[in-house]
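Commentary on secondary and tertiary structure
Listed below, chain by chain, are the residues.
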Amino acid sequence: MASERSWPRRPALWRWHFYAGLFCVPFVLWLSVTGGIYLFRPQVEAWLDAPYRGLARTGPAAAPSVQVAAAVAAVPGAVFHRYQLPEAPGDAAQVIVGHGRAETRVYVHPQSLAILARVDEDSRPMRIVFRLHGELLAGDAGSYLVELAASWAIIMLVSGLLLWWPHGGGLAGVVYPRLGRGRRAMWRDLHAVTGFWVSAMALFLLLSGLPWAKSWGGYLKAVRSVAEGPAKQDWSSGQAAMLAERAAFDAGTRAMMNDHAEHQGMTMAHPPGDEHPLDRLVPVVAAQRLAPPVLIAPPTAPGQPWTAKSDAANRPLRSDLTLTADGRILGRRDFAGRKLVDRLVGWGVAIHEGQAFGWANQLLNLLTALGLMLLSVSSVVLWLRRRPAGRLGAPPPRPRPGFARGFGVLLVLLGVLLPLFGLSLLAVLLVERLVLRRWPAARIWLGLPPPGIVSPA
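Residues numbered from 1 in each chain as written. Predicted model: local features only at pLDDT ≥ 70, side-chain atom pairs only at ≥ 80, totals over all residues. Heavy atoms only, no water.

1. Focus on helix 10 (residues 277-287)
Listed in full, the buried residues belonging to helix 10 are Pro277, Leu278, Leu281, Val282 and Val285. Along helix 10, the residues classed as buried sweep out an arc of 125° about the axis, all on the same side. Backbone geometry just after helix 10 places Arg289 at a positive phi near 55°. (Buried < 20%, exposed > 50% of the residue type's maximum accessible area, 1.4 Å probe, protein only. Helix = DSSP H or I, 4+ residues; strand = E, 2+ residues; numbered from the N terminus. Arc of directions from axis to C-beta.)

Below is the structure:
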């Protein structure tokens, strides 16, 4: 039949689903846990900063430049990098100072100038969670690995949906689980039904996270430059790009072209400068009512302007300002003024991080993360219950004539859209055909067909 020549049969889909899941499940669990924690970054950081809010004062606060001088003096050899605009009169001044690539956030009492705390920026809890989630604390190598797992997770979810696709028989086991038909049926239904309910949002989270990845982010940047012309992008991809963008943020007008730099440390040395313009700039920036937190940064070279930037968790609320030292606003760029791709990525990131539409966004993402955890656990239970002793337990191969052309076209398209997936798929197919099928012990343990037999697809 034509449909059989264009699309694989159920056993073939099952094998694709199994092998993709075998690789992805540990990463899906990891990303779900770390991503679920990172969803609550604003609440966690507000809780961590609570001791430095609503501080007792007996008089007016010291000038911002004086607060900055106290923070710089608290870290020997440091220079001023950024000043965070207090959100309330009783809040401690938060000043980010740097010594080489190391940055320290210094909490200064707004009146007495007492140093309340010194925190390494890269050691802040949610910064660590972010790096655990996006790069496994392994830099660009970890970013590649996470991207590869995300690419194969897309295959796992798509093949799972095709296996779930109902073929009659009612809604039981399709949209709600049958919990009274034994443990095996219960685990099968929990896996299938949970997959149905979370797949759409899970696919969105996987796709919206790809612009951060080292390989795919660079791929999107190249495509974007062709479609929209050369321009600085508003997101970062990989550790090196994040470091560079952090430097650009503090380099005057370049700050307005780098939107995701908050997750890494400095790469540029800031020259010691005059902090007194900050006293004029703080009321000017405050009057603009940028979404908090708002960071004001000095120029890093003569002739460059000061910059102010909203670092709001909901990225579509962010705006950037450039200012002269005497408080004159040179330019403002709001989210609506960014390039189309930047806006799409910005919205995707905001939803991905659970910040686009308040607590409902956090709840939706959290339920998706919990659903992915249940999917992962149930898949392991199902696998262990059916795995024969001494074998991996892959679904048995069933030879079929030829290759499913439609499925082949889909794989080629995915290989083009997800280059790291395409390269890994070629590598897997070559190793399978040239090595594993010719190694009897490995072939039997992995459940591969003998040499010369066409794999079911």
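There's more to say after this.
2. Digging into the nonpolar core
One finds Trp16, Trp152, Ile155, Leu418 and Phe421 to be the most contacted residues of the largest nonpolar core, which totals 32 residues. Every element with two or more residues in this core is listed here: helix 2 (10-38), helix 6 (139-164), helix 7 (183-209), helix 8 (214-228), helix 11 (340-352), helix 12 (358-386), helix 13 (405-417) and helix 14 (419-434). For this core, the element with the most residues is helix 6, which contributes eight residues. In this structure, Val75, Val108, Leu278 and Leu281 belong to the second largest nonpolar core, which totals 25 residues. (Core = buried A, V, L, I, M, F, W, Y, C linked by side-chain atoms within 4.5 Å.)

3. Points about the pairing of strand 6 (residues 306-310)
Burial analysis of strand 6 places five of its five residues in the buried class, the great majority of the element. Burial along strand 6 is two-sided: Trp306, Ala308 and Ser310 facing one way and Thr307 and Lys309 facing the other are all buried. Looking at chain direction, strand 5 (residues 294-297) and strand 6 are connected through four bridges and run antiparallel. Looking at the pairing, Ala297 lines up with Thr307 of strand 6. (Pairing = 2+ DSSP bridges.)

4. Notes on the environment of Leu374
Relative to the assigned elements, Leu374 resides in helix 12. With relative accessibility at 30%, the residue Leu374 sits in the partly exposed group.

5. Quick word on the packing of aromatic side chains
For any pair of aromatic rings, geometry is given as the distance between the ring centres together with the angle between the planes. What the rule picks out here adds up to eleven aromatic pairs. Ring pairs connect the aromatic residues Trp164, Trp165, Phe196 and Trp197, which therefore count as one cluster. A cation sits over an aromatic face here: Arg387 above Trp383, 5.5 Å from the ring centre. (Phe/Tyr/Trp six-rings, centres within 6.5 Å; stacked < 30°, edge-to-face > 60°. Lys NZ or Arg CZ within 6 Å of the ring centre and 35° of its normal.)

6. Considerations on the sheet that holds strand 7 (residues 319-323)
What the eight strands build is an open sheet, ordered 4-3-2-1-5-6-7-8; its pairing is antiparallel. Both edges of this open sheet fall to strand 4 (115-120) and strand 8 (329-334), since each of them pairs with a single strand only. In this sheet, adjacent strand axes meet at a mean angle of 20° when their direction is disregarded. Relative to strand 7, strand 6 runs antiparallel, the two sharing four bridges. Within strand 7, the residue paired with Ala308 across the bridge is Leu321. (Axes fitted to C-alpha atoms, helices over the stretch in contact; angles between N-to-C directions.)

7. A short note on the pattern of salt bridges
Going through the model one piece at a time under the given rule, you end up with 18 salt bridges. With a closest N to O distance of 3.6 Å, Asp320 and Arg333 form a salt bridge. Taken as a pair, Asp320 in strand 7 and Arg333 in strand 8 lie far apart in primary sequence, 13 residues in all. The buried category is assigned to Arg333, whose relative accessible area is 14%. Of the charged contacts in the structure, one is a salt bridge between Arg437 and Glu432, with a shortest N-O distance of 2.9 Å. One exposure class covers both Arg437 and Glu432, and it is buried. Residues participating in the shared-partner salt-bridge network are Arg105, Glu121, Asp122, Arg124 and Arg127. (Salt bridge = Lys/Arg side-chain N within 4 Å of Asp/Glu carboxyl O.)

8. Regarding the packing of helix 2 against helix 6
Remark: helix 2 packs on helix 6, axes separated minimally by 7 Å, with the N-to-C direction vectors making an angle of 135°. With respect to helix 6, the axis of helix 2 lies oblique. Crossing hand, helix 2 versus helix 6: left-handed. On helix 6, the residues touching Arg10, Leu13, Trp14, Trp16, His17, Ala20, Gly21, Phe23, Cys24, Phe27, Val28 and Leu31 of helix 2 are Leu145, Val146, Leu148, Ala149, Trp152, Ala153, Ile155, Met156, Ser159, Gly160, Leu162 and Leu163. When its residues are assigned to classes, the contact of helix 2 with helix 6 shows 19 nonpolar, four polar and one charged. (Parallel < 35°, antiparallel > 145°, perpendicular 65-115°, else oblique. Left-handed = near helix turned anticlockwise from the far one by under 90°. Contact = heavy atoms within 4.5 Å. Nonpolar A, V, L, I, M, F, W, Y, C, P; charged D, E, K, R; others polar.)

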